[in-house]
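# Structural features, examined
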Amino acid sequence: MKNFYTLIKKEVRELMTRQMIFSLVFMILMFGMMGKFVGGIKEEAQKSVSFAIVDLDKTPFSQTVVETLGGEKNVIKENNLEEALNKAKEKDIKALLVIPEGFEKDVEEMRGAKLEVYSILKGLGIGDLSSSGMIKSVINNINEKIATSFVQEAIPGKNPQDIMNPIRTKEFVVVRDRTVRGSPEMIQGLVTSQSVMIPVILMIVIMYSGMMVITSMGMEKENKTLETLLTLPVKRSYIVTGKMVGSALVALIMATVYMIGFRYYMSSFMPSVESTPILKDLGLAMTPLSYFLLGTSLFLAILVALSLSMLLGLFAQDTKSAQTMNMPLVILVMVPFFLLMFKDIRTLSLPLKILVYAIPFSHPIIASRALIFQNYFLVIGGMLYMAIFAGVAMFITIRIFNTDKVLTAKFSFKKRK
Amino acid sequence: MDKVIEVKDLVKDYGNIHAVRGISFQVNKGEIFGLIGPNAAGKTTTLRIISTLLQMTSGEIKVFGYNVAKEPDEVRKYISYLPEEAGAYKNLSGKVYLEFMADFFSDNLEEKKEIVERGMRIANLGERIKDKVSTYSKGMTRRLLLARALMVDPKLAILDEPTSGLDVVNSHQIREMIKNFSKKGTTILLSSHNMLEVEFLCDRISLIDEGIIVENGSPQELKEKYKANNIEEVFMEVVR
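Now for a description of the structure that goes with this document. (Residues numbered from 1 in each chain as written. Chains lettered and ligands numbered in written order. Predicted model: local features only at pLDDT ≥ 70, side-chain atom pairs only at ≥ 80, totals over all residues. Heavy atoms only, no water.)

## Here we look at the overall build of chain A
Each helix and strand counted, chain A has 19 helices and five strands in total. The buried share of chain A, reckoned over its 417 residues, is 45%. Approximately 23100 Å² of chain A is accessible, and the part contributed by carbon and sulfur atoms is 64%. (Helix = DSSP H or I, 4+ residues; strand = E, 2+ residues; numbered from the N terminus. Buried < 20%, exposed > 50% of the residue type's maximum accessible area, 1.4 Å probe, protein only. Areas by Shrake-Rupley, 256 points an atom, 1.4 Å probe, with all protein chains shown as cover.)

## Quick notes on the overall build of chain B
Tallying secondary structure elements over chain B gives nine helices and 10 strands in all. The C-alpha radius of gyration computed for chain B amounts to 18 Å, which stays within 12% of the reference 18 Å derived for 240 residues, consistent with globular compactness. If you take every contact in chain B between residues at least 6 apart in sequence, the share linking residues at least 24 apart comes to 65%. Carbon and sulfur atoms form 46% of the exposed surface of chain B, whose accessible area is close to 10700 Å². Across chain B, the mean location of the 34 positive side-chain charges is 3 Å away from that of the 36 negative side-chain charges. (Rg over C-alpha atoms; globule rule 2.2 N^0.38 Å. Contact = heavy atoms within 4.5 Å. Lys, Arg positive; Asp, Glu negative; His and termini not counted. Charge placed at Lys NZ, Arg CZ, Asp CG, Glu CD.)

## Observations concerning the interface of chain B and chain A
In this assembly, 30 residues from chain B lie in contact with 28 residues from chain A. With both chains or domains summed, chain B and chain A bury close to 2800 Å², and 58% of this area falls on carbon and sulfur atoms. In terms of surface lost to chain A, no three residues of chain B exceed Arg76, Tyr89 and Phe104 of chain B, which account for 26% of the buried area on that side. Where chain B packs against chain A, one counts three salt bridges. Linking aspartate 404 of chain A and lysine 12 of chain B is a salt bridge whose minimum nitrogen-to-oxygen distance equals 3.3 Å. For the pair chain B and chain A, the interface holds seven residue pairs in polar contact (both at pLDDT 80 or more). Per-element accounting of the side of chain B that touches chain A gives the leading share, four residues, to helix 3 (residues 94–102) of chain B. Residue composition of the side of chain B that touches chain A, by class: 15 nonpolar, six polar and nine charged. (Buried area = accessible area lost by both parts, 1.4 Å probe. Salt bridge = Lys/Arg side-chain N within 4 Å of Asp/Glu carboxyl O. Polar contact = N/O pair within 3.5 Å; in protein donor to acceptor, adjacent residues only side chain to side chain. Nonpolar A, V, L, I, M, F, W, Y, C, P; charged D, E, K, R; others polar.)

## Focus: the packing of aromatic side chains
The final tally for this structure, using the stated rule, is 11 aromatic pairs over all chains. Between phenylalanine 4 of chain A and tyrosine 5 of chain A the ring centres are 6.0 Å apart and the planes differ by 50 degrees, which places this aromatic pair in the tilted class. By relative accessible area, phenylalanine 4 of chain A is classed as buried at 13%. Here the aromatic residues Tyr89, Tyr97, Phe100 and Phe104 of chain B are joined through ring pairs into a cluster of three or more. (Phe/Tyr/Trp six-rings, centres within 6.5 Å; stacked < 30°, edge-to-face > 60°.)

## Focus: the side chain of serine 368 of chain A
Relative to the elements of secondary structure, serine 368 of chain A occurs in helix 17 (residues 362–370). At a separation of 2.6 Å, a polar atom in the side chain of serine 368 of chain A contacts the main-chain carbonyl oxygen of isoleucine 365 of chain A.

## Re unusual backbone geometry
All names here are of chain B. Although it is not a glycine, asparagine 124 sits at a positive phi angle of roughly 50 degrees. Looking at the secondary structure, you find asparagine 124 in the loop between helix 4 (109–123) and helix 5 (138–150). In this structure, lysine 227 takes a positive phi of about 50 degrees despite not being glycine. Looking at where lysine 227 falls in the secondary structure, it is placed in the loop between helix 8 (219–225) and helix 9 (231–239).

## Some remarks on the nonpolar core
Formed by 168 residues in total, the largest nonpolar core has its most connected members in Phe361 of chain A together with Ile5, Phe25, Ile61 and Leu189 of chain B. Per element, the largest residue contribution to this core is 14 residues, and it comes from helix 9 (residues 188–222) of chain A. Non-local contacts of isoleucine 61 of chain B, meaning those with residues more than four positions away in its chain, are made with Ile5, Glu6, Val7, Leu10, Ile49, Ile50, Met56, Tyr66, Asn67 and Val68 of chain B. Phe51, Val107, Ile135 and Ile142 of chain A belong to the second-largest nonpolar core, a separate cluster that totals 14 residues. (Core = buried A, V, L, I, M, F, W, Y, C linked by side-chain atoms within 4.5 Å.)

## Side note on the pairing of strand 7 (residues 156–160) of chain B
All names here are of chain B. By the criterion of burial, strand 7 is predominantly enclosed, with five of the five residues buried. Two strands pair when backbone bridges link them, and strand 6 (residues 79–82) and strand 7 are joined in this way by four bridges, in the parallel orientation. Bridged to serine 80 within strand 7 is alanine 157. Across five bridges, strand 7 lies against strand 8 (residues 187–192) in parallel orientation. (Pairing = 2+ DSSP bridges.)

## Details of the sheet that holds strand 2 (residues 95–99) of chain A
Residue and element names in this part refer to chain A. The strand order across the open sheet formed by three strands is 1-2-3, and the pairing between neighbours is mixed. Looking at strand neighbours, the two that pair on one side only are strand 1 (51–55) and strand 3 (116–119), the edges of this open sheet. With direction set aside, neighbouring strand axes in the sheet form an average angle of 20 degrees. Pairing of strand 2 with strand 3, which is carried by four bridges, proceeds in the antiparallel orientation. Bridge pairing in strand 3 links alanine 95 to serine 119. Where helix 3 (residues 60–68) meets the sheet, its contacts fall on strand 1 and strand 2, and the angle it forms with strand 1 comes to roughly 175 degrees. Against the sheet, helix 4 (residues 81–90) engages strand 1, strand 2 and strand 3, with an angle of about 155 degrees to strand 2. (Axes fitted to C-alpha atoms, helices over the stretch in contact; angles between N-to-C directions.)

## Let's talk about a negative patch on the surface
A surface patch of negative charge is lined by Glu110, Glu111, Glu114 and Glu117 of chain B. By the element assignment, glutamate 117 of chain B lies in helix 4. (Patch = residues over 30% accessible without salt bridge, like charges linked within 9 Å, V, L, I, M, F, W, Y side chains within 5 Å.)

## Some details on empty space enclosed by the protein
All chains considered together, the criterion is met by two cavities of 30 Å³ or more. Reported here for the largest cavity is a volume of approximately 50 Å³. Lys10, Glu11, Glu14, Leu15, Ser216, Met219, Glu220, Asn223, Thr225 and Lys243 of chain A together with Tyr89 of chain B together form the lining of the largest cavity. Elements with a minimum of two residues in the lining of the largest cavity: helix 1 (2–15) and helix 9 of chain A. Element by element, the count of residues in the lining of the largest cavity is highest for helix 1 of chain A, at four residues. Considered class by class, the residues forming the lining of the largest cavity number three nonpolar, three polar and five charged. (1 Å grid on protein atoms, 1.4 Å probe; cavity = no way out; pocket = protein on both sides within 12 Å on 5 of 7 lines; lining within 4 Å. Points joined across faces, edges and corners; volume = space filled by probe spheres on them.)

## What about the pattern of salt bridges?
Opposite charge on two side chains lets them pair, provided their charged atoms get close. Across all of its chains, the model carries 22 salt bridges over all chains by this definition. Two residues, glutamate 99 of chain B and lysine 95 of chain B, come together in a salt bridge whose shortest N-O distance is 3.6 Å. Of this pair, glutamate 99 of chain B and lysine 95 of chain B both sit in helix 3, four residues apart, roughly one helical turn. Between glutamate 197 of chain B and arginine 175 of chain B there is a salt bridge, with its nearest N and O atoms 3.0 Å apart. In this pair, glutamate 197 of chain B is assigned in helix 7 (residues 195–201) and arginine 175 of chain B in helix 6 (residues 168–183), connecting sequence segments 22 residues apart. By relative accessible area, which is 2% here, glutamate 197 of chain B ends up buried. Given the relative accessible area of 16%, arginine 175 of chain B is considered buried. Connected through salt bridges with shared partners, the residues Lys10, Glu11, Glu220 and Lys243 of chain A form a single ionic network.

Below, the structure is given as structure tokens:
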């Protein structure tokens, strides 16, 4: 066992180079800066948009509109549009609202009064484009109030809402034997987090750990240290597992840093997913058992990735070819990642379904959704498949390590003569 | 005399290439035995098979009585192999590299410390032993690797071209070191194409050419047999 720890220690020391630590620090800084930057833009966009009003109508009704839109402080006292626009530009105002002459009269006579909105663009950022949207929502509000008062006056004794919106919907969501009032959009947050975050985490961890293992094998061959290592009085199975665990530790450190950074970056513009009452009422909330099973499923997927990487690493002649050897692993992660991000496994065609089920890395993604519906059979089945897959891959790797193929194996694309 | 290595009818093919074609030899305890021959004669292949790295096509090899093909884990407990083109872990310092290797040979802290100190003496790199291997010259790396192979006082040291690529001074130091180690009781099997080195170091030699052992004996016996001034002349005479 001591030899095993010695191998792990060596592996970590070899892979955790100064350059790698530097790139980790750089990654943290980069995500931090990006998060702050994107968050700043969002904050700016959410700030009350600076706008000005020009009241050319000057009637009691236009005054009411001005009040609704924030009062005198927003009013530009100019008597023509051109001057008002120039003043707005000077004051760095993003939108100008013009109440034209005859506005009150048009409203009273139900002729479709018009308010003019001028959006002053200085760039094409999110903050620059959000001004007219905000003003429109205020105008919609005013519209509804005016319409309600008209309907009340015309048909007294009736609820104006029943006349303006004669048909309304009452939505229900049915999951298994439970029916709860609400719309599917209300569980969108959970579904998004499960279908995006889990595959992203999986992809990052698998790619990093796979890359580390293959690179480690490539380095052994490039630096010509493998032969010495293989003649030491240590079991070959320890060399294989030591490499896997050592590389996985380094990969986990890298993936954790990456994920924290990614999460920070995402949280700067995405709302956090919290358990809403509808999820609890539908029995869709993740239980401690669900989290345990999901964790085990992710762990098994990593184990599969490590054992597959060791196999692929056998063919790496140096660190350069190690990058190419990682490709099959990347493809195996990408296929279920993209297929299952947009479609549910049940909606795929039979050949695609077989393909997705056959790829071991599909199972944590499938599990993340199946667990919401407490479909444990599918989850445990996937876990068993991954355990068998990892076991077989490790068995083959150790068998190869016990032969001279570990030194002689290589891919050759040249035609044999 | 105790036999440390017994090689019988060893054959190794790489596909259609016959690297070793049925060679046999024995190495006795405490001697320095040399496998001598030109490039691609089959020396390295033979040493790699004895070191449990390669599998033989046919034949039998025993090291300290253990069958190399069937009991490789046992064989590895007795040997220390220095490959011709070996390297060390570049991100480790020379000292940490020796400590890493010593870990596999002893559980006792004191003993491990002794092994590492012996290694540092053999490597003779001074303060540079604390520097990363990536900053070493070829000669320094080779000395570190030889130190790694000998510091554990192996029962059998298998050295493939031990002075390969070294300058005259470094080569001389390493030859002296090997000779001294043999006096302490370590059996040494080495390969070389440097005939002068072989004459200086080896108690007995086997001349190998195109995968076949063409002559056996001590350097002195062979020189007398072929009335030659040195082993180079013997070799030329034998392969003519």
